[in-house]
Amino acid sequence: MSNPAEDNLLPLLWREFVRSADNFADHPAVVTPAGEATFRQLLTGADAIARQLSDAGVKPGRVVGHTFPNCIDFVVAFLALCKLPAVTMLVSTKYQAAELSAIVGGTRPDYFLSTERQAKNLRDLLPSTAVTTTLEGSGRGPLVLFRLNAVDNGQAGTDWRQFGDNPSDHPALIKFTSGSTGVPKGILLSAGNVLAE
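Residues numbered from 1 in each chain as written. Predicted model: local features only at pLDDT ≥ 70, side-chain atom pairs only at ≥ 80, totals over all residues. Heavy atoms only, no water.

## So, the overall build of the protein
- A count of helices and strands for the protein gives six helices and nine strands.
- Of all 197 residues assigned to the protein, the portion counted as buried reaches 42%.
- Contacts spanning at least 24 positions in sequence make up 62% of the contacts within the protein whose residues lie at least 6 apart.
- Within the structure as shown, the protein displays about 10300 Å² of accessible surface, and the carbon and sulfur contribution to it stands at 50%. (Helix = DSSP H or I, 4+ residues; strand = E, 2+ residues; numbered from the N terminus. Buried < 20%, exposed > 50% of the residue type's maximum accessible area, 1.4 Å probe, protein only. Contact = heavy atoms within 4.5 Å. Areas by Shrake-Rupley, 256 points an atom, 1.4 Å probe, with all protein chains shown as cover.)

Here you go:
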């Protein structure tokens, strides 16, 4: 699956997952009440979705809201974003309109990615100017990509050099507090932070 000579060219989180997939290809990686997926299936699904995201204009360093219930597609979509690499902004499916509005206003993500079912809920909560693209999912139904901002498809995302030469220092994930005592607050994690968790 992986070529050791090219490994260092891959984004850090994706590279680590590819190594695991090489070692445990046909072993279960995710098991849910609705089914399971092997490392190979996750790798194949994430690779296909990453290509579609790239074709839809998602560039490295763009902030992408990731709004999925706990399911296999949650993992596949996260891995696809790691491959680009985009900055994944985990947004709970339980947030209400006021919380989501505060998150979008404060973080200003470029995109949101969700299951088709979750997209129905998001359409009413996201700005009316959001442009949608339907992506082929990984066998469990289509995914929906919302473009929130007028992103120039020819423009690159974040210039990773501003974070230094060490890939573990590059931004990878934004997590939010529960918001139980007010507006959810975002916490930015580097690729190294995510690997350490």
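Read on, since the account is not over.
## Examining the confidence of the model for the protein
- In the predicted model, the protein carries a mean pLDDT of 86, and 87% of its residues have values of at least 70.
- Taken together, the stretch residues 152-157 has pLDDT below 50 and engages in twelve contacts with residues farther than four places along the chain or on a different chain. (pLDDT = per-residue confidence, 0-100.)

## Some details on the nonpolar core
- Counting residues in hydrophobic clusters, the biggest one holds 29 residues, and the most contacted among them are F17, L42, L53, V58 and L113.
- Listed by contribution, the elements that provide at least two residues to this core are helix 1 (12-24), helix 2 (39-55), helix 3 (72-83), strand 5 (111-115) and strand 7 (143-147).
- Of all the elements, helix 2 adds the most residues to this core, at seven residues.
- When near neighbours in sequence (up to four residues on either side) are disregarded, L113 contacts L53, V64, G65, H66, T67, F68, A77, L81, L135, L143, V144 and L145.
- Of all hydrophobic cores here, the second largest spans 17 residues; its members include F112, V144, F146 and I174. (Core = buried A, V, L, I, M, F, W, Y, C linked by side-chain atoms within 4.5 Å.)

## As for the packing of helix 2 against helix 3
- Helix 3 packs onto helix 2 with a crossing angle of 55° between their chain directions and a minimal axis gap of 8 Å. Viewed along their axes, helix 2 and helix 3 adopt a mutual orientation that is oblique. The handedness of the crossing between helix 2 and helix 3 is right-handed. Across from L42, G45, A46, D47, I49, A50 and L53 in helix 2, the residues of helix 3 making contact are I72, V75, V76, L79, A80, L81 and K83.
- In terms of residue class, the contact of helix 2 with helix 3 is built from eleven nonpolar, one polar and two charged. (Axes fitted to C-alpha atoms, helices over the stretch in contact; angles between N-to-C directions. Parallel < 35°, antiparallel > 145°, perpendicular 65-115°, else oblique. Left-handed = near helix turned anticlockwise from the far one by under 90°. Nonpolar A, V, L, I, M, F, W, Y, C, P; charged D, E, K, R; others polar.)

## Things to note about the pattern of salt bridges
- Scanning all chains against the criterion turns up six salt bridges.
- D47 is the partner of K83 in a salt bridge, and the nearest nitrogen-oxygen pair spans 2.1 Å. Separated by 36 residues along the polypeptide, K83 in helix 3 and D47 in helix 2 bring together distant segments of the chain.
- Through salt bridges with shared partners, one network takes in D47, R51 and K83. (Salt bridge = Lys/Arg side-chain N within 4 Å of Asp/Glu carboxyl O.)

## Focus on the packing of aromatic side chains
- With the rule as written, the count across this model stands at three aromatic pairs.
- Seen from their ring centres, F17 and F39 are 6.0 Å apart, and the 25° between their planes marks the pair as stacked. With F17 in helix 1 and F39 in helix 2, this residue pair connects regions lying 22 residues apart in the sequence.
- When the ring of F24 is compared with that of F39, the centres are 5.8 Å apart and the planes differ by 40°; the resulting orientation is tilted. Placement of the pair is F24 in helix 1 and F39 in helix 2, with a sequence separation of 15 residues.
- Residue class for F39 comes out buried when judged on its relative accessible area of 16%.
- Taken together through their ring pairs, the aromatic side chains of W14, F17, F24 and F39 make up a single cluster. (Phe/Tyr/Trp six-rings, centres within 6.5 Å; stacked < 30°, edge-to-face > 60°.)

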